[in-house]
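Close look at the chain arrangement
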Amino acid sequence: MSSSETGNYEYVSARVRSRRAYLYGDEEYRKFVRMGPGEISRYMEETTYAREVNEFGARYKGVDLIEYALNHNLASQFEDLLRWSEGELYEHISRYLKKFDSWNVKTILRGIYAKEDVERIRDDLIPAGEFKSDFLEQLIGTNDIEEFVNLLEGTMFGEALGKGLREYEDTGLLVSLENAIDRCYYQQLLKKIEVVEDPSVVLYTDFLRAEIDFKNVMNALRIAHSGSEIPIAEYYIHGGKQFTSAKLASSMKNLDEMINMIRESKYGEQLSRAIEKLEDTDSLISFEHELEAVLLEYCDRLSHVYPLSICPVIAFVLSKEKEIENVRAIARGKEAGLSPDEIEKQLVIS
Amino acid sequence: MLEIILDLLANNAVLLQEHVSTDVAAFPPKAAAALGVGLAALGAGIAERGIGAAAVGAIAEDREFFGIGLVMTVLPETLVILALVVIFLV
């Protein structure tokens, strides 16, 4: 059992745990909420974001500087993960990080659809994931969606996007293409790990299934909330365990029925706080944040039970993403002139 | 390699039976003790592999871990020192 086959779990999880300790906590967020963008970026310069803030400090300022520093730090930290890991562990991490490929592809797709400025699309990309920046540039440079899909042929999204394109041509809606991307991502994630019997991998698979389940529930809730008539089957991502497409479709007409379904499912207990919030405030955003917090908590628990597995790494990836989202929410909220209390409601703090 | 060792043991067992009357052990005591120390060192090495990897990871993130990392890494080494006592006992 050489480390090149099974992976160097000890090394990677030690580094990841150390990095985890440097993430911002409640205290920092509370400080940020009371600072202006300039002060936040100065504070960031003294912590893990030093390199990025210095690099972009001359070119951008205020909220833009924070945004660039966040995105680039995220990318470089995740690149580090891939650089450190070997063997099986590398495979797991790189498959999970394809999340950012799917994010980038979706962002560019929307940009092209909305005929957005090239510069603005570029700003929203997160340079983590497998696609190199040259390739992303090529994608941004395409003129229409057909050219875009053709360029992606041969990548993991190629086949599914080809099918989605036909549907798009009939309906003119991006939904089919975006779904194709999401489904592709989760399928490649689950495909290879279903056969393994290692308990930590089995639990990791459970975690991925929970993630898919939550995504499906969120999609269903959003559709129900917007009152549109799109059938859930079009959005449904396969691989979840608890909520089948039919189950979601039948309960979607009525919010109470939906809440009952969630409560009776396997996740009922963990989600009780989230459900209460949803019933009280009817706010989808806080429900979504609760879902994210529950996922993170689950992954954290797994990483304590199986310290030498993929779980600590995924827990780090999730909490890093949360940090980026939180800091961005604070900076953007400040820019829009929201009050500290309102901003605090937007944060995911676990 | 395991086969060779097993082979050796099997042959020695035969030897052992042959020499029963003359009271000569199959392994000279010193040789057996040496083998014991070697096996203990092998075990310590296996234990240190994982700890060392984790310690280097932690030190790479923060140099302050150097001291504690070093102590943790050589902790299984006590196994070998204890095994070394056997050498002086036989």
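How each quantity is defined
- Residues numbered from 1 in each chain as written.
- Chains lettered and ligands numbered in written order.
- Predicted model: local features only at pLDDT ≥ 70, side-chain atom pairs only at ≥ 80, totals over all residues.
- Heavy atoms only, no water.
- Helix = DSSP H or I, 4+ residues; strand = E, 2+ residues; numbered from the N terminus.
- Rg over C-alpha atoms; globule rule 2.2 N^0.38 Å.
- Buried < 20%, exposed > 50% of the residue type's maximum accessible area, 1.4 Å probe, protein only.
- Contact = heavy atoms within 4.5 Å.
- Areas by Shrake-Rupley, 256 points an atom, 1.4 Å probe, with all protein chains shown as cover.
- Buried area = accessible area lost by both parts, 1.4 Å probe.
- Salt bridge = Lys/Arg side-chain N within 4 Å of Asp/Glu carboxyl O.
- Polar contact = N/O pair within 3.5 Å; in protein donor to acceptor, adjacent residues only side chain to side chain.
- Nonpolar A, V, L, I, M, F, W, Y, C, P; charged D, E, K, R; others polar.
- Phe/Tyr/Trp six-rings, centres within 6.5 Å; stacked < 30°, edge-to-face > 60°.
- Core = buried A, V, L, I, M, F, W, Y, C linked by side-chain atoms within 4.5 Å.
- Patch = residues over 30% accessible without salt bridge, like charges linked within 9 Å, V, L, I, M, F, W, Y side chains within 5 Å.
- pLDDT = per-residue confidence, 0-100.
- Axes fitted to C-alpha atoms, helices over the stretch in contact; angles between N-to-C directions.
- Parallel < 35°, antiparallel > 145°, perpendicular 65-115°, else oblique.

This part takes up the overall build of chain A. For chain A, the helix and strand inventory stands at 19 helices and zero strands. Taken against the 2.2 N^0.38 rule, which gives 20 Å for 350 residues, the C-alpha radius of gyration of chain A at 21 Å falls within 12% of a compact globule. Along the longest, intermediate and shortest principal axes, the C-alpha atoms of chain A span 50 × 50 × 50 Å. Per-residue burial over chain A gives 52% buried out of 350 residues.

To continue, consider the overall build of chain B. For chain B, the count of helices and strands is four helices and zero strands. Taken from the N to the C terminus, the helices and strands of chain B come in the order α-α-α-α. Long-range contacts, defined here as pairs at least 24 residues apart, represent 65% of the contacts in chain B between residues at least 6 apart. As displayed, chain B has an accessible area near 6500 Å², and 76% of this comes from carbon and sulfur atoms.

Attention now moves to the interface of chain B and chain A. In many analyses, interface size is given as the accessible surface area lost on bringing the parts together. Contact with chain B, which involves ten residues of that partner, is made by ten residues of chain A. Across the chain B to chain A interface the summed buried area is about 830 Å²; carbon plus sulfur atoms make up 53%. Counting every contact that joins chain B to chain A gives two salt bridges. Across the pair Glu61(B) and Arg19(A) runs a salt bridge whose closest N-O atoms are separated by 2.9 Å. The interface formed by chain B and chain A includes three residue pairs in polar contact (both at pLDDT 80 or more). Each residue belonging to the side of chain B that touches chain A can be placed in one class, and the counts come to five nonpolar, two polar and three charged.

Another point: the packing of aromatic side chains. Residues and elements named next belong to chain A. Enumeration over the complete set of coordinates arrives at 14 aromatic pairs over all chains. Aromatic side chains Phe56 and Tyr60 sit 6.1 Å apart centroid to centroid with 45° between the ring planes, which places their arrangement in the tilted category. Among the aromatic residues, those joined into a cluster by ring pairs are Tyr24, Phe32, Tyr43 and Tyr49.

All names here are of chain A. Counting residues in hydrophobic clusters, the biggest one holds 89 residues, and the most contacted among them are Met44, Tyr96 and Phe207. Leave out the neighbours within four places in its chain, and Met44 touches Tyr24, Tyr49, Ala50, Val53, Ile66, Ala69, Leu70 and Val327. Residues Val105, Ile121, Leu139 and Tyr168 belong to the second largest nonpolar core, which totals 24 residues.

Attention now moves to the environment of Glu167(A). Residue and element names in this part refer to chain A. For Glu167, the location among the structural elements is in helix H11 (residues 158-171). In sequence terms Glu167 and Leu177 are ten residues apart; their C-alpha atoms lie 8.2 Å from each other. Apart from residues no more than four positions distant in its own chain, Glu167 is found in contact with Gly172 and Ser176.

Quick look at the pattern of salt bridges now. Residues and elements named next belong to chain A. Using the criterion set out here, one finds 18 salt bridges over all chains in the structure. A salt bridge links Arg328 to Glu67; the shortest N-O distance between them is 3.4 Å. Taken as a pair, Arg328 in helix H18 (residues 311-335) and Glu67 in helix H6 (residues 62-84) lie far apart in primary sequence, 261 residues in all. The class of Arg328 is partly exposed, set by a relative accessible area of 22%. Owing to a relative accessible area of 12%, Glu67 belongs among the buried residues under this scheme. Residue Lys99 is joined to Glu321 by a salt bridge in which the shortest nitrogen-to-oxygen separation is 3.0 Å. One end of the pair, Lys99, is in helix H7 (residues 87-113); the other, Glu321, is in helix H18, and 222 residues separate them in sequence.

Here the side chain of Glu67(A) touches Arg328(A) through a polar contact of 3.4 Å, side chain to side chain. Aside from chain neighbours lying at most four places away, what touches Glu67(A) is Arg328(A) and Arg332(A).

Residue and element names in this part refer to chain B. There is a patch of nonpolar side chains on the surface, built from Ile51, Phe65, Ile68, Val71, Met72 and Leu75 and spanning about 500 Å² of accessible area. Among the elements that take part in the nonpolar patch, helix H3 (residues 66-74) stands out by supplying three residues, more than any other. Tracing the chain through its elements places Leu75 in the loop between H3 and helix H4 (77-89). Accessibility expressed as a relative area gives 46% for Leu75, which makes it partly exposed.

Of all residues in chain A, 96% attain a pLDDT of 70 or more, and the chain-wide mean is 83. Between the elements of chain A, mean pLDDT differs from a low of 63, seen in helix H1 (residues 3-6) of chain A, to a high of 91, seen in helix H2 (residues 9-21) of chain A.

Residue and element names in this part refer to chain B. Contact pair helix H2 (residues 29-61) / H4: the axes reach a minimum separation of 8 Å and the direction vectors enclose 175°. One element, H2, and the other, H4, form an angle in the roughly antiparallel class. Counted together, Lys30, Ala33, Ala34, Val37, Ala40, Ala41, Ala44 and Glu48 of H2 and Glu77, Leu79, Val80, Ala83, Leu84, Val86 and Ile87 of H4 form the full contact between these two elements. A breakdown of the residues in the contact of H2 with H4 according to their chemical character gives twelve nonpolar, no polar and three charged.

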